[in-house]
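# Notes for the structure review
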Amino acid sequence: MKFLTIILFFVLVSEGYGKCLLRDISVTQTRTGVIVNGKLEWSVTITNKCPCAQTNVILNCTGFQSLESIDPSVLTLSHTGFCLLTPGQPINKYGIVSFKYTWEKQFSLNPISSQSSCS
Ligand SMILES: *[C@@H]1O[C@H](CO)[C@@H](O)[C@H](O)[C@H]1NC(C)=O
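Here is a short report on the structure shown in this document.

About the thresholds
- Residues numbered from 1 in each chain as written.
- Predicted model: local features only at pLDDT ≥ 70, side-chain atom pairs only at ≥ 80, totals over all residues.
- Heavy atoms only, no water.
- Near = heavy atom within 4 Å.
- Polar contact = N/O pair within 3.5 Å; in protein donor to acceptor, adjacent residues only side chain to side chain.
- Areas by Shrake-Rupley, 256 points an atom, 1.4 Å probe, with all protein chains shown as cover.
- Salt bridge = Lys/Arg side-chain N within 4 Å of Asp/Glu carboxyl O.
- Helix = DSSP H or I, 4+ residues; strand = E, 2+ residues; numbered from the N terminus.
- Pairing = 2+ DSSP bridges.
- Axes fitted to C-alpha atoms, helices over the stretch in contact; angles between N-to-C directions.
- Contact = heavy atoms within 4.5 Å.
- Buried < 20%, exposed > 50% of the residue type's maximum accessible area, 1.4 Å probe, protein only.

Neighbouring the ligand are the residues Asn 60, Thr 62 and Ile 112. Contacts to the ligand include Asn 60, whose side-chain N or O atom sits 2.3 Å from an oxygen atom. Considered on its own, the ligand offers 360 Å² of accessible surface; in the complex 34% of this is hidden by protein.

Pasting the structure below:
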């Protein structure tokens, strides 16, 4: 009985270690210097700093607009102001996703949720 408790403890602990946190997703943005129709182009880099793949990464895209179109396999915008990153595709451990958008201001694009799949 005690032995089983110890095993259960280690299973729970190792599962706990395997989980990614939302702060493991970092979003950095820089200006590319390109200006299109008076609007600035921004380069966004999203890095998964977790040693596990992450899926269904949702960003806060409230008010998000872009003059240049964004590949929907990289970023899909919903009508409710949320963006899904690489829909249906996991972001690999330590993986990077990047895209560009063009607008007069920078949008924060903060991560709101994600699911991790550790193996
Ligand atoms: C999303 O961003 C908007 C504007 O920056 C903010 O008002 C809102 O609270 C954010 N929503 C969530 C769920 O973080």
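Counted under the stated rule, the structure contains 1 salt bridge. For Glu 104, the salt bridge identified is with Lys 39, shortest N-O distance 3.9 Å. One end of the pair, Glu 104, is in the loop between β6 (96-103) and β7 (111-117); the other, Lys 39, is in strand β2 (residues 39-48), with 65 residues separating them in the sequence.

This part takes up the sheet that holds strand β5 (residues 82-85). As summarised here, the arrangement of the 4 strands in space is β4-β5-β3-β7, forming an open sheet in which the pairing is antiparallel. For this open sheet the edge positions go to β4 (75-77) and β7, each flanked by a neighbour on one side alone. Direction aside, neighbouring strands of the sheet carry axes that sit 20° apart on average. Alignment of β4 against β5, held across 3 bridges, turns out to be antiparallel. By the bridge assignment for β5, Thr 76 is matched with Leu 84.

Position of Val 34 among the secondary structure elements: in strand β1 (residues 25-36). Residues within four places of Val 34 in sequence aside, it is in contact with Lys 39, Leu 40 and Glu 41.

Turning our attention to unusual backbone geometry. Non-glycine residue Asn 37 carries a positive phi angle of around 50°. On the basis of relative accessible area, Asn 37 is assigned to the exposed category, the value being 68%. You will see that Thr 86, though not glycine, has its phi angle at about 35°, which is positive. Here Thr 86 is to be found in the loop between β5 and β6. Residue Thr 86 is classed as buried on the basis of its relative accessible area, which comes to 11%.

A separate point is the sheet that holds β1. Taking strand neighbours across the sheet as the criterion, the 3 strands line up as β1-β2-β6 in an open arrangement whose pairing is antiparallel. Pairing within the sheet leaves two strands with one partner each, and these edge strands are β1 and β6. Put simply, the sheet's adjacent strands are angled 20° from each other on average, direction ignored. One ladder, built from 9 bridges, connects β1 with β2; its direction is antiparallel. Within β2, the position partnered with Thr 30 by the bridge is Ser 43.

So, to be careful, I would describe these as geometric facts and stop short of saying anything about function.
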